[in-house]
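A structural walkthrough
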Amino acid sequence: MSLLDQIPVVVESGSVVPEADPHPQGYGNAEPVLHEVRHALARLISTGETTKIDLKAMPFGPGDLEHLLSVLGTGEVQASIDALGPTRVQETAIPGVWLVDYLNSEAHRLALHLEIATVPEILCPQPQDLNDAIAALDARLNPDQSDPPLAS
Amino acid sequence: MAARKPTEKTLGESLRERGVSRRGFLKFCAATASMMALPPSMAPAIAAALEKAKRPSVIWLSFQECTGCTESLTRSHAPTLEDLILDVISLDYHHTLQAAAGDAAEHAREEAMAANPGEYLVIVDGSIPGPKANPGFSTVAGHSNYAMLMETVENAAAVIAVGSCATFGGLPAANPNPTGAMSVMDLVKNKPVINVSGCPPIPMVITGVIAHYLTFGRLPELDAYNRPMAFYGQSIHDRCYRRPFYDRGLFAKTFDDEGARLGWCLYELGCKGPTTYNACATMRWNDGTSWPVEAGHPCLGCSEPKFWDAGGFYNAVSVPTSASGMNVLAAGVLGAVVGGAVAVSAKKQTKAEVAHRQPVTVEELEAKL
């Protein structure tokens, strides 16, 4: 063990709040995003248009992201996708507002999105894969045939 | 690293062979959109373009530099350097990273140039002793930096200058510039030059520019300094999370006063955010962990020309007074708030004007708002 861990380190910041505080303060930059989410929800309801918000691209200060997620809360649905590392999908307590956390195989965050949709896009099968689905199933139903029958 | 023809496989084919599903590819594209500072809704379009993209051959030249830019690139997280080399580009020459040395290394560069005429990218980090300087000031394999640069760019598609040394001369060009250091754009006039400034640049900005070229098959939109607008289109100040404190006139006076502890604006401590164009405020460093202002330090302005000779890092932002008597302060303040104006006006500044820099007080700045 190095002696580094014996050096007392105190992290100070005006925005630091106790972990148990259910209402983290932040720098006030979460509020505009919450209003953007509200507009996106209205669009989803009226036109069906989905919206994605890149939270990593926001100029958040310490506490802002925590405040945003605290307001949105945690909903009923969780999903995990194993493709190029894990992707975690969490419904927020606001129906139609999803938190999609893209991680690589080393658990580094690649992107963090809020997705305002009925179902997050990453959960849906890709159209090209659907096109190949029947052929893939036929190949499993007829493993002895080198050429699977044409899809019908 | 043997040179490869760029037409061997598309990126989509390459990823599929490695067992990457289409859903995984979409995820890669979501991360790529974030990296390129594009809206997440662009991910499907990026997927469609990258599916058909070919890996470009890349030759990386290192001249008068500290290797900080390469260090920065190797800390890129999205995509990782391994992803970048294996999937996005074919890094055919980089004498710091490659295993080969001596003749074999130099042959790799020559082979990449011969195999991909007119199609390879040249990335340069470090400044170059100019044609009038002693060629012995900086050499690679016995060739002067100038000779190697001009030979390599002759048949290149484009040149990406990475870091403040390659883009603007950097610390080697600091007064009195003993080696006659020049930037890439000072020397290369017949090829597109993209400047990715910063000391060092944000790693994901380096990879983002390459990914943009690969995705769209053309160079990104550039500002007056040839920097990609996607990353350098807004000032640090405009995107700073401490901006609300600036707007309310709340400034830290010292590094350990109550204002500093409460996270107030660092303008009076010398923050160059109002005149600095970069993506630190949103992309951050070390895998999005933090950035200088979040760590409590003012922005140094490292992505701007001549930041090394522009006065003290801890003096409040200053703008030069013009010889014509025009109140450049007004232009500076407007540019800091609206964005863009400072970059254009600053390009026209002369050394004499820089010598007449005057500090701008907070009261003056606020009076102009």
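Only a predicted model underlies this, so the values are computations on that prediction, with no experimental measurement involved.

Reading the values: the criteria
- Residues numbered from 1 in each chain as written.
- Chains lettered and ligands numbered in written order.
- Predicted model: local features only at pLDDT ≥ 70, side-chain atom pairs only at ≥ 80, totals over all residues.
- Heavy atoms only, no water.
- Helix = DSSP H or I, 4+ residues; strand = E, 2+ residues; numbered from the N terminus.
- Buried < 20%, exposed > 50% of the residue type's maximum accessible area, 1.4 Å probe, protein only.
- Contact = heavy atoms within 4.5 Å.
- Areas by Shrake-Rupley, 256 points an atom, 1.4 Å probe, with all protein chains shown as cover.
- Salt bridge = Lys/Arg side-chain N within 4 Å of Asp/Glu carboxyl O.
- Arc of directions from axis to C-beta.
- Buried area = accessible area lost by both parts, 1.4 Å probe.
- Phe/Tyr/Trp six-rings, centres within 6.5 Å; stacked < 30°, edge-to-face > 60°.
- Pairing = 2+ DSSP bridges.
- Axes fitted to C-alpha atoms, helices over the stretch in contact; angles between N-to-C directions.
- UniProt positions renumbered as here; feature names shortened; annotations may be inferred.
- Core = buried A, V, L, I, M, F, W, Y, C linked by side-chain atoms within 4.5 Å.
- Left-handed = near helix turned anticlockwise from the far one by under 90°.
- Nonpolar A, V, L, I, M, F, W, Y, C, P; charged D, E, K, R; others polar.

**Re the overall build of chain A**
From N to C terminus, chain A includes three helices and five strands. From first element to last, N terminus to C terminus, chain A shows the α and β order α-β-α-β-β-β-β-α. Classification of the 152 residues of chain A by burial places 36% in the buried group. At a minimum sequence separation of 6, the contacts of chain A that also span at least 24 residues come to 40%. Summed over all atoms, the accessible surface of chain A reaches about 9400 Å², with 58% contributed by carbon and sulfur.

**A closer look at the pattern of salt bridges**
Should their charged atoms come close, side chains of opposite charge can pair. All names here are of chain B. A full pass over the atoms with the stated rule returns 13 salt bridges over all chains. Between E294 and R284 there is a salt bridge, with the nearest N and O atoms lying 3.3 Å from each other. Within this pair, whereas E294 is found in the loop between helix 14 (280-283) and strand 10 (318-320), its partner R284 is found in the loop between helix 14 and strand 10, the two being separated by ten residues in sequence. Judged by relative accessible area, E294 falls into the partly exposed class, the value being 21%.

**Observations concerning the environment of B:P228**
Positionally, B:P228 belongs in the loop between helix 10 (203-216) and helix 11 (229-232). As for B:P228 and B:V20, which are separated by 208 residues in sequence, their C-alpha atoms are 30 Å apart.

**A few points about helix 2 (residues 64-72) of chain A**
Residues and elements named next belong to chain A. Burial in helix 2 covers these residues: D64, H67, L68 and L72. Down the axis of helix 2, the smallest arc covering the buried residues is 130°, so these residues share one side. Packed against the buried residues of helix 2 are helix 1 (30-47), strand 4 (97-103) and strand 5 (109-116). At the C-terminal side of helix 2, G73 shows a positive phi close to 75°.

**What to know about the interface of chain B and chain A**
Where interface size is given, it is often the accessible area lost as the parts come together that is meant. At the interface, 29 residues of chain B touch 38 residues of chain A. Each partner contributes to the roughly 2800 Å² buried at the junction of chain B and chain A, and carbon and sulfur atoms together form 57% of this total. In this structure, the connection of chain B to chain A is made through two salt bridges. Among the ionic pairs, A:D132 bridges to B:R22, the shortest N-O distance being 3.9 Å.

**Examining the packing of aromatic side chains**
Under the defined criterion, the tally for this structure stands at eleven aromatic pairs over all chains. Ring geometry for A:Y27 versus B:Y241: centroids 4.7 Å apart, planes at 85°, classification edge-to-face. Linking A:Y27 in the segment before helix 1 with B:Y241 in the loop between helix 11 and helix 12 (243-247), this pair reaches from one chain into another. Accessibility expressed as a relative area gives 10% for A:Y27, which makes it buried. Accessibility expressed as a relative area gives 1% for B:Y241, which makes it buried. Put simply, the rings of A:Y27, B:Y241, B:F245 and B:W291 pair up and form one aromatic cluster.

**Concerning the sheet that holds strand 2 (residues 90-94) of chain B**
All names here are of chain B. Pairing within the open sheet is parallel, and its five strands lie in the order 2-1-3-7-9. Looking at which strands have only one partner, the edges of the open sheet turn out to be strand 2 and strand 9 (193-196). Taking each pair of neighbouring strands and ignoring which way they run, the sheet shows an average axis angle of 20°. Strand direction decides the pairing type here: strand 3 (residues 121-125) and strand 7 (residues 158-162), joined by five bridges, are parallel. Within the sheet, the bridge partner assigned to D125 lies in strand 7 and is V162. Across the sheet, helix 10 is in contact with strand 3, strand 7 and strand 9; its angle to strand 9 comes to roughly 150°.

**Observations regarding the UniProt feature "domain: HupH hydrogenase expression protein C-terminal" (unreviewed entry) in chain A**
The UniProt record marks residues 29-141 of chain A with the feature "domain: HupH hydrogenase expression protein C-terminal" (unreviewed entry), using the residue numbering of this structure. Between the end C-alpha atoms of residues 29-141 of chain A there is a gap of 55 Å, over a span that is 37% helix and 27% strand.

**Focus: the nonpolar core**
Formed by 74 residues in total, the largest nonpolar core has its most connected members in B:C29, B:L50, B:I160, B:V196, B:V205, B:W291 and B:V293. Those residues in contact with B:I160 that sit more than four places away from it in its chain are B:L121, B:V122, B:I123, B:V124, B:I194, B:V196, B:V209 and B:I210.

**Re the packing of helix 1 of chain A against helix 2 of chain A**
All names here are of chain A. Contact pair helix 1 / helix 2: the axes reach a minimum separation of 9 Å and the direction vectors enclose 40°. The element helix 1 and its partner helix 2 pack so that their crossing is right-handed. Facing A30, E31, V33 and L34 of helix 1, the residues of helix 2 in contact are D64, H67, L68, V71 and L72. Looking at the contact of helix 1 with helix 2, its residues break down into six nonpolar, one polar and two charged.

**Let's talk about the sheet that holds strand 3 (residues 86-91) of chain A**
In any sheet, the strands associate via hydrogen bonds between backbone groups, in a parallel or an antiparallel arrangement. All names here are of chain A. Strand order in the open sheet formed by five strands is 1-5-4-3-2, with antiparallel pairing between adjacent strands. Of all the strands in the sheet, the pair left with one neighbour each is strand 1 (51-54) and strand 2 (78-82). The average angle at which neighbouring strand axes cross in this sheet is 20°, direction not considered. Against the sheet, helix 1 touches strand 1, strand 4 and strand 5, its axis set at about 50° to strand 5. Taken strand by strand, helix 2 contacts strand 4 and strand 5, and its axis lies near 35° from that of strand 5.

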